[in-house]
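Residue-level listing of the chains:
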Amino acid sequence: MSNKVIISCAVTGSAHTPTMSDALPVTPEEIAEQSIAAAKRGAAILHLHARVAEDGRPTGDPDVFARFLPVIRKATDAVINITTGGAATMKVSERLAAARRFRPEMCSLNMGSLNFAFFPAAKRITTWKHDWERDYVVNSDDYIFRNTFRDITTILEALSEAGTRFEHECYDVGHLYNLAHFVDRGSVKPPFFVQMIFGILGGIGPDLDNLIFMKRTADRLFGEKNYRWSVLAAGRHQMPFLSQAALLGGHVRVGLEDSLFIERGKLAVSNAEQVDKIIRILAEMGLEPATPAEAREMLALKGGDRVEF
């Protein structure tokens, strides 16, 4: 499967708000619809957050997840990856609640704390759809996205027994060393999945030199055969970084969580549109999207029949 690339699609996230794009899915029905469409276009993994249907506010409420998870599972064979990041404003218990209940094949797991900021986006907006949005965005200059060693241990212990494996999100090089610590402890076992993240204000910057540095550091810490790696990049850096990652043998993540745009100055109309674009780019390199079955094999996942939704 050397020419197969796992495409993850992060469908809605928690940083972007409804005012920023009409395409951002908010209701359970919209999240399900866009997830299914992205999977049918070629996304093998769906990375999912939840929102309050009435105003788009991020939520960790398992009852909200319950309104779209079974719908997606019934309609597609894609690997469903439930966030444990939630939002920077949530407590760990809230972020973990849905994953505890549904015992998915995969969960995201942030590998360290960081300043997680998106307040510059507020400068471009004069009118907001909902009252909560402006303060949420503006106040991100004071957000610390807490992921201590104790938090990470709590999440690993809560979900590993269920056979859940993780998308280990690394926003900076120190997060790779944090992951290495848990590998050395035996809490994380190969083959593990490393998601390298570039361009978040507070994390490592979107410079291609940093991509090479992160990859070399991961190879040194883990050994090339012990892990799979993927890249996501925020905003305008999304497609250039994914293209470079694919050239280097990595996997890729698209989705409206990471970028609201399809090209410079043009908002994407859906998550599926971004999946289509990265598949075209991959095809030019002689690469193909991995199927969900191939992704499960590469990542040693337990299978979609062993979840609880």
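Above this text sits the structure in question.
Here's what I pulled together on the structure shown here.

Definitions and limits used
- Residues numbered from 1 in each chain as written.
- Predicted model: local features only at pLDDT ≥ 70, side-chain atom pairs only at ≥ 80, totals over all residues.
- Heavy atoms only, no water.
- Disulfide = S-S within 2.5 Å.
- Pairing = 2+ DSSP bridges.
- Helix = DSSP H or I, 4+ residues; strand = E, 2+ residues; numbered from the N terminus.
- Axes fitted to C-alpha atoms, helices over the stretch in contact; angles between N-to-C directions.
- Expected span 1.5 Å × (residues − 1).
- Contact = heavy atoms within 4.5 Å.
- Buried < 20%, exposed > 50% of the residue type's maximum accessible area, 1.4 Å probe, protein only.
- Right-handed = clockwise from strand over helix to strand, strands pointing away.
- Phe/Tyr/Trp six-rings, centres within 6.5 Å; stacked < 30°, edge-to-face > 60°.
- 1 Å grid on protein atoms, 1.4 Å probe; cavity = no way out; pocket = protein on both sides within 12 Å on 5 of 7 lines; lining within 4 Å.
- Points joined across faces, edges and corners; volume = space filled by probe spheres on them.
- Nonpolar A, V, L, I, M, F, W, Y, C, P; charged D, E, K, R; others polar.
- Polar contact = N/O pair within 3.5 Å; in protein donor to acceptor, adjacent residues only side chain to side chain.

## Let's talk about the state of the cysteines
(1) Moving on: Counting across every chain of the model gives 0 disulfides.
(2) Moving on: C107 takes part in no disulfide bond, and the closest cysteine sulfur to it belongs to C170, at a distance of 16 Å.

## A closer look at the sheet that holds strand 3 (residues 45-48)
(1) Moving on: Read once around its circumference, the closed barrel built from 8 strands follows the order 2-3-6-7-10-11-12-13, with strand pairing classed as parallel. The mean inter-strand angle of the sheet, taken between neighbouring strand axes irrespective of direction, is 25 degrees.
(2) Moving on: Both strand 12 (residues 227-233) and strand 13 (residues 251-254) contribute to a ladder of 2 bridges, which runs parallel. Within strand 13, the residue paired with S230 across the bridge is H251.

## Observations regarding helix 6 (residues 149-160)
(1) Moving on: Here helix 6 contains 12 residues, and its C-alpha end-to-end distance of 16 Å stays within 8% of the 16 Å for a straight helix at 1.5 Å per residue.
(2) Moving on: Next to the buried residues of helix 6 lie helix 4 (92-102), strand 7 (106-110), strand 10 (165-170) and helix 7 (173-185).

## Structural notes on the pairing of strand 2 (residues 7-10)
The side chains of a regular strand alternate, first on one face of the sheet and then on the other.
(1) Moving on: What you see with strand 2 is no split at all: I7 and C9 on one side and S8 and A10 on the other are buried throughout.
(2) Moving on: One ladder, built from 3 bridges, connects strand 2 with strand 13; its direction is parallel. When the bridges of strand 13 are listed, C9 appears paired with V254.
(3) Moving on: Of the pairings in the sheet, the one linking strand 2 to strand 3 comprises 3 bridges and is parallel in character. Within the sheet, the bridge partner assigned to C9 lies in strand 3 and is L46.
(4) Moving on: Once the chain exits strand 2 it traverses helix 1 (residues 28-41) before rejoining the sheet at strand 3, and the crossover so formed is right-handed.

## Quick look at unusual backbone geometry
(1) Moving on: With omega at -5 degrees, the peptide bond leading from P190 into P191 counts as cis.
(2) Moving on: The topology assignment puts P191 in the loop between helix 7 and strand 11 (192-198).
(3) Moving on: In the Ramachandran plot, R103 falls in the positive-phi region, its phi being about 45 degrees despite a non-glycine side chain.
(4) Moving on: Topologically, R103 is positioned in the loop between helix 4 and strand 7.
(5) Moving on: One non-glycine residue, A300, adopts positive backbone phi at about 55 degrees.
(6) Moving on: Within the secondary structure layout, A300 lies in the segment after helix 11 (292-299).

## As for the packing of aromatic side chains
(1) Moving on: Per the counting criterion, the structure on display carries 14 aromatic pairs.
(2) Moving on: Aromatic side chains F102 and F309 sit 6.1 Å apart centroid to centroid with 85 degrees between the ring planes, which places their arrangement in the edge-to-face category. Remark: F309 occurs in the segment after helix 11 and F102 occurs in helix 4; sequence separation between them is 207 residues. Exposure class is identical for F102 and F309. Each is buried.
(3) Moving on: Three or more aromatic residues joined by ring pairs make a cluster, and in this case those are F116, F118, W132, Y136, Y143, F145 and Y171.

## Looking at the layout of surface pockets
Gaps between atoms show up when a probe of the same size as a water molecule is rolled over them.
(1) Moving on: Size it by volume and the largest pocket reaches roughly 1,200 Å³.
(2) Moving on: Forming the boundary of the largest pocket are 49 residues, of which H16, R124, A234, G235 and D258 lie nearest the centre.
(3) Moving on: Contributing elements (two or more residues each) for the lining of the largest pocket: strand 7, helix 9 (238-247) and strand 14 (261-263).
(4) Moving on: In terms of residue class, the lining of the largest pocket is built from 24 nonpolar, 16 polar and 9 charged.
(5) Moving on: Approximately 270 Å³ is the volume found for the second largest pocket.
(6) Moving on: Residue lining of the second largest pocket: 17 residues in total, with R228, W229, G249, G250 and H251 positioned closest to the centre.
(7) Moving on: Elements with a minimum of two residues in the lining of the second largest pocket: strand 1 (4-5), helix 8 (208-222) and strand 12.
(8) Moving on: Looking at the lining of the second largest pocket element by element, the count peaks at 3 residues for strand 12.
(9) Moving on: For the lining of the second largest pocket, a count of residues per class yields 8 nonpolar, 4 polar and 5 charged.

## Focus: the side chain of K215
(1) Moving on: Looking at where K215 falls in the secondary structure, it is placed in helix 8.
(2) Moving on: On the accessibility criterion, K215 (13% relative accessible area) is buried.
(3) Moving on: Engagement of the side chain of K215 in a polar contact is seen with the side chain of D219, the distance being 2.7 Å.
(4) Moving on: Sequence-distant contacts of K215, defined by excluding residues within four places in its chain, comprise M196, Y227 and W229.

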